[in-house]
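# Reading the structure
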Amino acid sequence: MKKLVGIVGWRGIVGSVLVKRMCEENDFDKINPIFLSTSQFGKKYFFLNKYYLIENAYNIDILMSLDIIITCQGSDYTNEIFFKLVSCNWKGYWIDASSNLRMNNNSIIVLDPINKKFIKESIENGIKVFVGGNCTVSLMLMALGGLFKENLIDWISVSTYQAASGSGAKSVLELLSQMNYLTKYIKKDIKNNFSILDIMHKFIFLTKKKNFPKKNFTVSLAGNVIPWIDQEMSNGQSKEEWKMKSETNKILNIKDNNICIDGICVRISSLRSHSQSFTIRLKKDISISSIKEIIKNQNQWVKIVSNDYNSSKIKLTPISVSETLNIPIGRIRKLNIGKKYLSAFTVGDQLLWGASEPLRRVLNFLI
Ligand SMILES: NC(=O)c1ccc[n+]([C@@H]2O[C@H](COP(=O)([O-])OP(=O)(O)OC[C@H]3O[C@@H](n4cnc5c(N)ncnc54)[C@H](OP(=O)(O)O)[C@@H]3O)[C@@H](O)[C@H]2O)c1
């Protein structure tokens, strides 16, 4: 019998990509889906030639009847609902895009091109909670998985360049509104060939106006970067930065937490796909050609980009990779600091490998 699978958060940006991918891969043929929402329940949803009644995502009786719940709703929802279900002795599987349960002892962070064996063993051992990893961590592992597998990494220092969609549908809409606001006032000045300094001055002035749209970011993301993502930790890291080491070690099932990764996470004004720049200290001096061979053989999605200007601007950008599962990695070269120091730059669609794709793949393992 087909499993009854509740899908929560399907209206959001990760959930929409998840549903799209599930359609592309015919996953809906294998399940009986129930669509739930925290705001749209009672309405009808026309999907794959059929009307579905949208159920209330807070209704515990409905949730208790489900074999599997896959949620892209967010941490508040998980906090409120997951523990209620556990206390009611719910026996189903919980698959989650949000971060709350990632570091729980009874959960597995899923990224099957990297930890498939561990996921399968965990299913056999009765684990019921499967959580997608942090977007940049998953994308970093997809890109550098080969070097981790060969135990070549001593440490990594990362700088991220994270797209607006990383913080949800509302943030994308806000960035577009900011762009719209700015172009509305500057369009004529460009046409009339105003002084470039005056145009730039006006741009900055406009971002500071009271009615400038900035409810989510609180500042302009358009024409700007924000060098902080997520909560402040007591040691000066942001929570996004803290996740780099803790989640990587958990995904790789390294018990003594000894792979050291740290860096600075930055929000930029690209719409979709996160980029990352790495400084890697290798455990030994190894040739660039061997490094490329090791990287490209780890999984079928990672693609080596030649270290030149044209290839980098065409193949190694958010726009080139968005809406694909490809993980290009380029700018690979030894740094002048020393023979064990490697640079690399990667980009990946954080809504796919960084969020929805590992979830739909673990759903397939379960069904
Ligand atoms: N975005 C990423 O790149 C990313 C990557 C990895 C993990 N995650 C995690 O995944 C979870 C979901 O993130 P998300 O980015 O998908 O959040 P989101 O776009 O904000 O969607 C979350 C929920 O917000 C509601 N919503 C309110 N206004 C909306 C609108 N205008 N359009 C669509 N939905 C709207 C919907 O719930 P109702 O139907 O109930 O109203 C939706 O399911 C979070 O825990 C996040 O941390 C996100």
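Residues numbered from 1 in each chain as written. Predicted model: local features only at pLDDT ≥ 70, side-chain atom pairs only at ≥ 80, totals over all residues. Heavy atoms only, no water.

### Let's talk about the pattern of salt bridges
- As enumerated under the stated definition, the model contains 19 salt bridges in all.
- Residue E247 pairs with R102 through a salt bridge whose shortest N-O separation is 2.8 Å. With E247 in helix 8 (residues 239-251) and R102 in the loop between strand 7 (93-96) and strand 8 (107-110), the pair connects residues that are 145 residues apart, well separated along the chain. Note on accessibility: E247 and R102 belong to one class, buried. (Salt bridge = Lys/Arg side-chain N within 4 Å of Asp/Glu carboxyl O. Helix = DSSP H or I, 4+ residues; strand = E, 2+ residues; numbered from the N terminus. Buried < 20%, exposed > 50% of the residue type's maximum accessible area, 1.4 Å probe, protein only.)

### Notes on the nonpolar core
- Ranked by internal contacts, the top residues of the largest apolar core, which has 69 residues, are I7, F130, L144, L147, F148, I156 and I280.
- The element contributing the most residues to this core is helix 5 (residues 135-149), with nine residues.
- Two domains share this core, each providing at least three of its residues, namely domain 1 (3-134 + 355-366) and domain 2 (138-162 + 229-350).
- I7 has contacts with V19, M22, F28, P33, I34, F35, L36 and I70, leaving out every residue within four places of it along the chain.
- Among the nonpolar cores identified, the runner-up in size contains 17 residues, and Y77, L85, W94 and V129 belong to it. (Core = buried A, V, L, I, M, F, W, Y, C linked by side-chain atoms within 4.5 Å. Domains from an automatic or database assignment. Contact = heavy atoms within 4.5 Å.)

### Quick word on the domain arrangement of the chain
- Per the domain assignment, the segments of the chain are domain 1 (3-134 + 355-366) and domain 2 (138-162 + 229-350).
- The C-alpha centroid of domain 2 is placed 28 Å from the C-alpha centroid of domain 1.
- Tallying the contact residues gives 18 residues for domain 1 and 19 residues for domain 2.
- One can count one salt bridge joining domain 1 with domain 2.

### Some remarks on the environment of L147
- Of note, L147 is situated in helix 5.
- Accessibility expressed as a relative area gives 0% for L147, which makes it buried.
- C-alpha separation for the pair L147 and Y309, spaced 162 residues apart in sequence, amounts to 25 Å.

### Quick notes on the site of the ligand
- With respect to spatial proximity, 24 residues lie near the ligand, and among them R11, V14, S37, T38 and S39 are the closest.
- One of the backbone nitrogen or oxygen atoms of V14 is found 2.8 Å away from an oxygen atom of the ligand.
- At 3.1 Å from an oxygen atom of the ligand is found a side-chain nitrogen or oxygen belonging to Q350.
- Within the complex, the protein chains bury 80% of what would otherwise be the 880 Å² of accessible surface of the ligand. (Near = heavy atom within 4 Å. Polar contact = N/O pair within 3.5 Å; in protein donor to acceptor, adjacent residues only side chain to side chain. Areas by Shrake-Rupley, 256 points an atom, 1.4 Å probe, with all protein chains shown as cover.)

### Overview of helix 8
- Here helix 8 contains 13 residues, and its C-alpha end-to-end distance of 17 Å stays within 8% of the 18 Å for a straight helix at 1.5 Å per residue.
- Within helix 8, the axis deviates most sharply at K245, by approximately 30 degrees.
- With respect to burial, helix 8 is a largely interior element, 10 of its 13 residues being buried.
- Every buried residue belonging to helix 8 is among E240, E241, K243, M244, S246, E247, T248, N249, K250 and I251, and all of these are buried.
- In this fold, the buried residues of helix 8 make contact with strand 8, helix 4 (112-124), helix 5, strand 10 (153-161) and strand 11 (260-264).
- Taken from the residues just after helix 8, N253 is the one with a positive phi, measuring 60 degrees. (Expected span 1.5 Å × (residues − 1). Bend = angle between axes of the 7 residues up to and from the residue.)

### Describing the pairing of strand 15 (residues 341-348)
- In terms of burial, strand 15 is a largely internal element, eight of the eight residues being buried.
- The alternating pattern of strand 15 places Y341, S343, F345 and V347 on one face and L342, A344, T346 and G348 on the opposite face, and all of these are buried.
- For strand 12 (residues 274-282) and strand 15, the ladder comprises eight bridges, and the chain directions are antiparallel. Bridge assignment links Q276 to a residue of strand 15, and that residue is T346.
- Taken together, the four bridges between strand 14 (residues 327-334) and strand 15 define a ladder with antiparallel strand orientation. Within strand 15, the position partnered with I329 by the bridge is T346.
- Counting the residues that bridge the hairpin from strand 14 to strand 15 gives six residues. (Pairing = 2+ DSSP bridges.)

### Some details on the sheet that holds strand 10
- One open sheet holds the six strands; their spatial order is 11-10-12-15-14-13, and the pairing between them is mixed. Of all strands in the sheet, those bounded by a partner on one side alone are strand 11 and strand 13 (302-304). Pairs of neighbouring strands in the sheet enclose a mean axial angle of 25 degrees, with direction left out of account.
- On the sheet, helix 9 (residues 288-296) packs against strand 12, strand 13, strand 14 and strand 15 and is oriented at approximately 160 degrees with respect to strand 14. (Axes fitted to C-alpha atoms, helices over the stretch in contact; angles between N-to-C directions.)

### Section: unusual backbone geometry
- Phi is positive for N89, which is not a glycine, with a value near 65 degrees.
- Positionally, N89 belongs in the loop between helix 3 (75-87) and strand 7.
- Exposure remark for N89: the relative accessible area of 52% places this residue in the exposed category.
- You will see that N253, though not glycine, has its phi angle at about 60 degrees, which is positive.

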